[in-house]
Structures are given as structure tokens and as C-alpha cells.
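# Topology and contacts: notes
Residue strings, one per chain:
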Amino acid sequence: MHSFQYYISTEVVFGTDCLEKLPALVKKHGGSRVLIVYGGGSAVRSGLIGRVEALLTDAGIAFDTLAGVQPNPRVALAREGVKKAVALGADLILAVGGGSVIDTAKAVAHGAANPETDIWEFWKKRQTVTKTTPVGVVLTIPAAGSEMSDSAVLTNAGEDEKRGLNTDLNRPAFAVMDPSLASTLPKRQVACGVTDIMMHTLDRYFNPVTDNAITDALAEALLRVVVRYGKPVCENPGDLTAMSEIMWCGSLSHNGLTGLGGNKDFAPHQLGHALSEKFDVYHGESLSSVWPAWARYVCPVNPARFAQYARNVWGVEEPDDVLAAEQGIAATEGYFRSLGMPVRFGQLSGVGVQDEAGIEDLALRCSYRKTRTVGTFRTLGYDDMLQIYRAANEKGD
Ligand code: NZQ
Ligand code: ZN
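I will try to describe carefully the structure that is included in this document. (Residues numbered from 1 in each chain as written. Chains lettered and ligands numbered in written order. Predicted model: local features only at pLDDT ≥ 70, side-chain atom pairs only at ≥ 80, totals over all residues. Heavy atoms only, no water.)

### Concerning the overall build of the protein
Each helix and strand in the protein was counted, giving 15 helices and 8 strands. Here the C-alpha atoms of the protein give a radius of gyration of 20 Å, agreeing with the 21 Å that 2.2 N^0.38 yields for 397 residues. Projected onto the principal axes, the alpha-carbon positions of the protein cover approximately 65 × 45 × 40 Å. Residues counted as buried form 58% of the 397 residues belonging to the protein. Here the analysis covers contacts within the protein between residues at least 6 apart in sequence; of these, 75% occur between residues at least 24 apart. Roughly 15,200 Å² of accessible area belongs to the protein as shown, and the carbon and sulfur atoms make up 50% of that amount. In the protein, 38 positive and 45 negative side-chain charges are present, and the distance between their average locations comes to 3 Å. (Helix = DSSP H or I, 4+ residues; strand = E, 2+ residues; numbered from the N terminus. Rg over C-alpha atoms; globule rule 2.2 N^0.38 Å. Buried < 20%, exposed > 50% of the residue type's maximum accessible area, 1.4 Å probe, protein only. Contact = heavy atoms within 4.5 Å. Areas by Shrake-Rupley, 256 points an atom, 1.4 Å probe, with all protein chains shown as cover. Lys, Arg positive; Asp, Glu negative; His and termini not counted. Charge placed at Lys NZ, Arg CZ, Asp CG, Glu CD.)

### What about the pattern of salt bridges?
Here the structure, examined in full by the defined rule, presents 21 salt bridges. When the shortest N-O distance is used, the salt bridge between Asp216 and Arg305 registers 2.8 Å. Separated by 89 residues along the polypeptide, Asp216 in helix H8 (residues 213-235) and Arg305 in helix H12 (residues 303-314) bring together distant segments of the chain. Of the two residues, Asp216 and Arg305, neither departs from the other in class, the shared state being buried. Across the salt bridge formed by Glu333 and Arg337, the nearest N and O atoms sit 3.7 Å from each other. Note that Glu333 and Arg337 are positioned in helix H13 (residues 321-338) at a spacing of 4 residues, about one turn of the helix. (Salt bridge = Lys/Arg side-chain N within 4 Å of Asp/Glu carboxyl O.)

### What to know about helix H7 (residues 187-205)
Under the 1.5 Å per step criterion, the end-to-end length of H7 is 27 Å for 19 residues, consistent within 8% with the ideal 27 Å. Taking burial as the measure, the 19 residues of H7 include 17 buried ones, the bulk of the element. (Expected span 1.5 Å × (residues − 1).)

### Comments concerning the coordination of the zinc ion (ligand 2)
Summarising the metal site, the zinc ion (ligand 2) is bound by the protein donors Asp196 (OD), His200 (NE2), His269 (NE2) and His283 (NE2), whose distances to it range over 2.0 to 2.2 Å. Classification of Asp196 as buried rests on a relative accessible area of 2%. (Donors = N, O, S within 2.8 Å, 3.2 Å for Na, K, Ca; no water.)

### Quick notes on unusual backbone geometry
The phi dihedral of Asp17 falls on the positive side, at around 75°, and the residue is not glycine. Looking at the secondary structure, you find Asp17 in the loop between strand S1 (11-14) and helix H1 (22-28). Note on Asp17: relative accessible area 60%, which makes it exposed. Phi at Lys370 is positive, roughly 65°, even though this residue is not glycine. Among the structural elements, Lys370 can be located in the loop between helix H14 (356-366) and helix H15 (382-393).

Shown next as C-alpha cells:
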């Protein structure tokens, strides 16, 4: 186990009807003038935004709104949000939505605290965030884990780039998690969310550190629970028993817990980000369509690790490690399929089977034009990325 430091500053309020606690939480975390950030309409249609506004109004909390965040959120809208936050004198940014809304709120929070700096400078690592504005969250979709994570991912359409920023200043001050707020989700988004939740732990689990028993056990338990409840919740997003498990797993899977003492890999995420950058595909679908190809490519580095995963998560009984490893990968791929998720490019809406030039373009994007490698379980350079994308591109059902 490697040395680590772990501090999660997010106050979590979980359960049905916990929205009523919002005004008290806003005040507790210093909010008196709040910029509410939300998405393309679902939170308005469900009445949630109306409820949030009424709660703040009744508590005497001033607010303005920033609407229209889209999946794979754009830096341009976040810049608009910074202007609004500065004009309001906002002392808290309230995200009402999922990963895209929360990440936009994080960007607005950094921009409002540093109005002299264009926020994209932080994402390009040309400037470092040293101060920010508190962010509160009302979560509406279990998926990205941004409600507790140290990460925020933005797309700059002008520069054709999707980039993540990791800093503890990205951790929200509080998160309100009412599983019933997610019951209006379309099944496709639930499936994307379940996949992303699995991937946040898988991208930590497959790393070079193997003497990490408690972290491994936590990771395997989380994966078993997600596998168990993922299908029922996709079939019926109103199943509150299943949604509660999935929502809490979503936060635990990306708040760092399931990777403590290890070396994050996150290569599948980086391979997926290149797909979203180029084709604007949903994050969860970008992950399911590259993971099987990634897993089979890197597995020979340490088949015993994949065998452990197969036995402890999928109940594989095969004694031979190499065979067990492949059974675990096949089980994962089969599970994604059973959720209706794409497992190769031909099934990925808006992408389809690519020609060789398309594959090279993806590898160029993922390698930042051949200037970086990704992953730790097996370090991947441009040529490795090409091979993984080619495998993900193979025709098949
Ligand atoms: O825009 P609206 O109309 O609200 O619809 C949204 C959106 O179309 C809809 N939705 C959300 N809650 C709903 C709902 N529809 C009905 N009822 C509800 N209760 O769902 C769609 C997707 O929303 P989005 O916020 O994009 O989903 P998700 O939470 O999966 O976030 C994806 C984004 O987060 C980034 C991804 O790259 C992507 O940009 N990630 C952020 C991370 C982080 N900050 O820690 C980590 C992740 O690995 C990920 O990269
Ligand atoms: Zn993710």
C-alpha cells in the first residue's frame, strides 16, 4: 500500500425528502447570494428548479440562475456564469443536476473567485487554482460522482478539446442526494451512469499496486453492489431501493475511497474523452465502447489481477488465471450489453465504424498529439492507443 492523504470536505445529506434541508445548508456554508446552475430542461420540467427557488426565497436567500448546461459541458457557458456570479456578488454556486452541471458550477466558482483569469487557463494547467467559491449540489443523476470528487471536466468547443482538472478545491461544500429526484431519468442515462460508476472504481482497481487488501475489498464490494442493483434501476428508475444503492455507490466510487493507497490508472477514461471530444458522445457510452478492448490489451501485464476481479466480483470459479481473467472481461462486456450499452464503435451512436484515419485522429487526441502517455496498470503511448482503438473498432454484433 502506498502512503496517502485523504480529506473529503463534502457534507453529504442523503435520503428522500432531504431537499428541505437545502436553505440551512446554503447558509451554513456561507451562502447569501447564490447562482443556481442547471441543465437543458429536465429539472425545470420535473418542478425541481421551482422548488429550489421557492426554498431559497422563503429563507431570504438572493439568487440568479444560469440555465442550459449540456452534456460534455462547454467552457463558453461557464464563462457566462462567471460574469453572472460576479455581477450578483455570488458567495455560493448551487449546481442542480448531474456531472455536467456540477462541473460547470465548479468552473464558475473558480472564475468568480479569480475574475482576472480566464477559467480555461486552469484547465490547460497554465494557471493554478488557489482559491474558489463554495459549491453546493442537488444531485439528479447518479453517474459522474462529481458531487464529491476533486475533478471537473470541460469541453472547449473552439479549441476542440475536452480536459479534466483535478484539485481538492473542486470538492463541493455539500451535496443533497435524494434518490427520488433521479426517478425521472431516461433509461439510457441510467445505464450510462451505472457504467460510469463501475468505471470509476475499475480505473482505480487496475493499477500496479496489489498489496492493498482493504482498498481492494472495498472496490470489489462496491462493484458487486453496482452489478446487483444496476439492472433493476435501469429497468425502473423509480425503484428507490435500487436507486439509493446506485446513488451512494456513485459518490463513493469517485471520491477517492476505492483507490486509496494505489496508483490511479484512468486510461479508459482518457481513451473515452477523445471520443467525446470528437463526437460529443455521452461519457458512459464512450467508456463502455473502449473498456473491453482496453482490458484485453493490458490484461497480459498481470492476468492474476484480472482473475482476482473475475472471482471476487463475478464469482468466476475457473482456477487458471488467464482463463479466469478472460471470463471476467467477458462478464463485464456482457453486463454492459445487457444494459443496452455499446461495447464497440459500430454500436456507438454518432460514431460508427471508423476508417484508419479516424482511428489515428483519436489516438492523436488521446495522446495530446503524441506528447503524453496515459495509464499506470500498463502505460499507453500513441501506438498502444492505436491498437486499442482498432480493437474497439472491429466489426461485430
Ligand atoms: O440537461 P437536462 O435536461 O437536465 O438533462 C440531463 C442530460 O441530458 C439528463 N438528466 C439529468 N438528471 C435528470 C435528467 N433527465 C431526467 N431526469 C433527471 N433527474 O441527463 C443527461 C446527462 O446529464 P449529465 O450531467 O451530462 O450526466 P453525467 O452526470 O453523466 O455527467 C457527465 C459529465 O461529467 C463528466 C463527463 O465527462 C461528462 O462531461 N465527468 C465528470 C467527473 C467529475 N467531475 O468528477 C468524472 C467523470 O469521470 C466524468 O468525466
Ligand atoms: Zn467517468
